[in-house]
Amino acid sequence: MRLIHDGASGPTALKPAPATAGAATTAGAAGAAAAGAAVRRTARVRRRATHRSVRDHILHALPCLAALLTAALIGFLIIYILVMGIPHISPDLFSITYNSVNVSLMPALINTVLMTLLALAFAVPIGLGGAIFLAEYARRGNRLVGLIRIAADTLAGVPSIVYGLFGLLFFVTMLGWRMSLLAGACTLAIMILPLIISTAEEALRAVPDAWREGSFGLGAGRLRTVGRILLPSALPGILAGVILGIGRIVGESAALIYTAGTATSLPTSLFDSTRTLSVHMYVLASEGLHLEKTYATAVVLLLLVLLINTASVVLARRLSRKVRNV
Amino acid sequence: MQKSAGALRERLAFIAFATAATLCVVAVLLICAFLLINGLPTLLREGPFAFIGNTTWQPATDTYGIFSMVVGSLYVTAGALVLGVPLGLLTAIYLSRFAKARTKRLLQPAVELLAGIPSVVYGFFGLVVIVPLIRQLFKVQGMGILAASIVLGIMILPTIIAVSKAALDAVPSSYYEGALALGASHERCVFSIIVPAALSGVVASVILGVGRAIGETMAVVMVVGNQVRMPVGIFEGVRTMTANIVLEMGYAADLHRQALIATALVLLIFILVINLLFSLLRKKARG
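Below is a summary of the structure that appears in this document.

Rules of the game
- Numbering of residues starts from 1 in every chain and runs along the sequence as written.
- Written order determines the labels here, with chains lettered from A and ligands numbered from 1.
- Under the rules for a predicted model, residues below a pLDDT of 70 receive no local features and side-chain atom pairs below 80 are neither given nor counted, while totals for whole chains, interfaces and linings still include all residues.
- Computation of side-chain values covers all heavy atoms of the structure but excludes hydrogens and water.
- Only the six-membered ring of Trp is used, alongside the rings of Phe and Tyr, when aromatic pairs are assigned; centres must lie within 6.5 Å, and planes under 30 degrees apart are stacked while those over 60 apart are edge-to-face, with the rest tilted.
- Secondary structure elements are defined from DSSP: runs of H or I of at least 4 residues count as helices, runs of E of at least 2 residues count as strands, and each element is numbered from the N terminus.
- Remark: a charge is flagged as sitting over a ring if the NZ atom of Lys or the CZ atom of Arg is within 6 Å of the ring centre and within 35 degrees of the ring normal.
- In what follows, a contact means two residues having at least one pair of non-hydrogen atoms within 4.5 Å.
- By definition, a salt bridge exists where a carboxyl oxygen of Asp or Glu is found within 4 Å of a side-chain nitrogen of Lys or Arg.
- The term polar contact refers here to a pair of N or O atoms within 3.5 Å; inside protein, the definition further demands a hydrogen-donor-capable atom paired with an acceptor-capable atom, and it admits residues adjacent in sequence only when both atoms are side-chain atoms.
- The nonpolar class holds Ala, Val, Leu, Ile, Met, Phe, Trp, Tyr, Cys and Pro. Asp, Glu, Lys and Arg form the charged class, and all remaining residues, Gly among them, are polar.
- Here's how the labels work: a residue is buried when its accessible area is under 20% of the maximum for its type, exposed when over 50%, partly exposed in between, all with a 1.4 Å probe on protein chains only.

## With respect to the packing of aromatic side chains
The geometry of an aromatic ring pair is captured by the separation of the ring centres together with the interplanar angle, meaning the angle of the planes.
Point 1. Overall, the coordinates contain 17 aromatic pairs over all chains when judged by the stated rule.
Point 2. Ring geometry for Y295 of chain A against F124 of chain B: centres 5.0 Å apart, planes inclined by 70°, an arrangement best described as edge-to-face. With Y295 of chain A in helix 11 (residues 291–325) and F124 of chain B in helix 5 (residues 119–138), this pair bridges two chains.
Point 3. Relative to F235 of chain B, the ring of F138 of chain B has its centre 4.7 Å away and its plane inclined at 35°; by these criteria the two rings are tilted. Taken together, the residues span a long stretch of sequence, with F138 of chain B in helix 5 and F235 of chain B in the loop between helix 10 (218–223) and helix 11 (241–248) at a distance of 97 residues.
Point 4. The side chain of R222 of chain A reaches across the aromatic face of Y137 of chain A, ending 5.7 Å from its centre.
Point 5. Directly above the ring of Y98 of chain A sits R275 of chain A, whose terminal nitrogen or CZ lies 5.7 Å from the centroid.

Below, the structure is given as structure tokens:
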């Protein structure tokens, strides 16, 4: 009889890879159901057989309480913002121009979309190219690869305020772009670069080697293999990373305050100052004048980010299912 | 003829991809270079140890010392760890070894969700919920180390949980089975065998949490009070390095501006050390 730790978590223990825990396939669940009954029986036997002291009960209660507290915190945070904000969402919050009476978030929302598109236009080609190099072109033990990895890891850990300061010194001051859409987008592009690279590389590496060999065997070159075979099949994973990057851009504020500025109007050129929704939210919250509108803005921002992140998770899950079916 | 055209295309593609990959390195070098060039003069003028060790920050008299802010950052980060690490680790243990499949399917995405919430929303939540709560409970002003620690404690939860859980999941099942065969209970196995076996991963999660907490700006600015002074109590306000930059960069000029950049340089050095520790630990964890 196979030993499985807790009766209830039997199906999880049966699965080979812990990384796939979140996405139990229906096929797996069906198979596990039968095994689950047997597991529960042995668990019951085991529980009677082993002596459970007071200490065991405490050690059991602690993680359960902690998980409960974590869940309660998450629930309270999100529900509190929603409950306080939704009643204050009004049509004038979405007026096309901002003034201090309607406190419209519409210009900021449009700016967020523009900023995101522009930042992605820089970050995605570079990040994808870098990932292709790391996953498909670089030879093992290549010095450059080690250096690139260290650099990407470093970039991933740099706080966003440092990015903001760098953007201010380089794009805004030295290149003379002033606080602008372009300066903000370039700063954000550098910020999400490591994320794009690591997720795209992982997605490329998840493509089975047999596909590469098949393509090479049919006479395709490396570039054609990348373009026709690898990129299409790694697409969900790459997209999941890009969407995660969008989530970070939309939520970012510290890197933007001194690179894109806080102008409330819509930009007419790449060199106009703009504020994104997060920066708008920060300005509102620190002014403290329009508490109700701030709650409403928080709801819009929160829902937007949650939607984006959920889309990423769904895509990543689809990828892992696809790879498993191969 | 056709073959050489293909070879040329391959060559060009290789160069393009390699250039894209190298841009990461260029970005890191640029960031370091710009902070060094702009921050180093002040650092040298004040003397690096005086700059970090002096508690007086008075732009009006051109006196720049960031010691109180370094200590402020460390206090707030320590507070976040005290609150976030036990909760996060225990939740990770629950998710990895105690949770039913269905609970796990609900709780895990919820934790991931927490990671995606923008820092301004956390800051706002701190401002409208946590600060008033502290004010009522302890009859103090409310903004201060405790409020910032609570907000940061919640913010580092997803990092702690995800990295610790991965480490706990990676412990070979033979460890668990061996302990069980020797008659240990499930709880005993988890806490005496699995958690110690995953220790380096858990420590790595804490280090990553430190990096996130010390670098967090907007959420902290909104709840920490921002007074430039040495910490006097957990209910009183301090200013962190990140808050200092974001608060004063808007109007700073000349020497004052350089001093702020030097602050960012010190912050970056902290982060680089933390990153180094993390990658060393990860290397060790992999064996």
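## Describing the interface of chain B and chain A
Point 1. Taken together, the contact pairs 83 residues of chain B with 85 residues of chain A.
Point 2. Our enumeration of links across chain B and chain A arrives at zero salt bridges.
Point 3. In this structure, the connection of chain B to chain A is made through nine residue pairs in polar contact (both at pLDDT 80 or more).
Point 4. Sort the elements by how many residues they give to the side of chain B that touches chain A and helix 1 (residues 2–46) of chain B lands first, with 19 residues.
Point 5. Grouping the amino acids of the side of chain B that touches chain A by side-chain chemistry returns 57 nonpolar, 13 polar and 13 charged.

## Thoughts on the side chain of N309 of chain A
Point 1. You can see N309 of chain A is positioned in helix 11.
Point 2. For N309 of chain A, a relative accessible area of 13% corresponds to the buried category.

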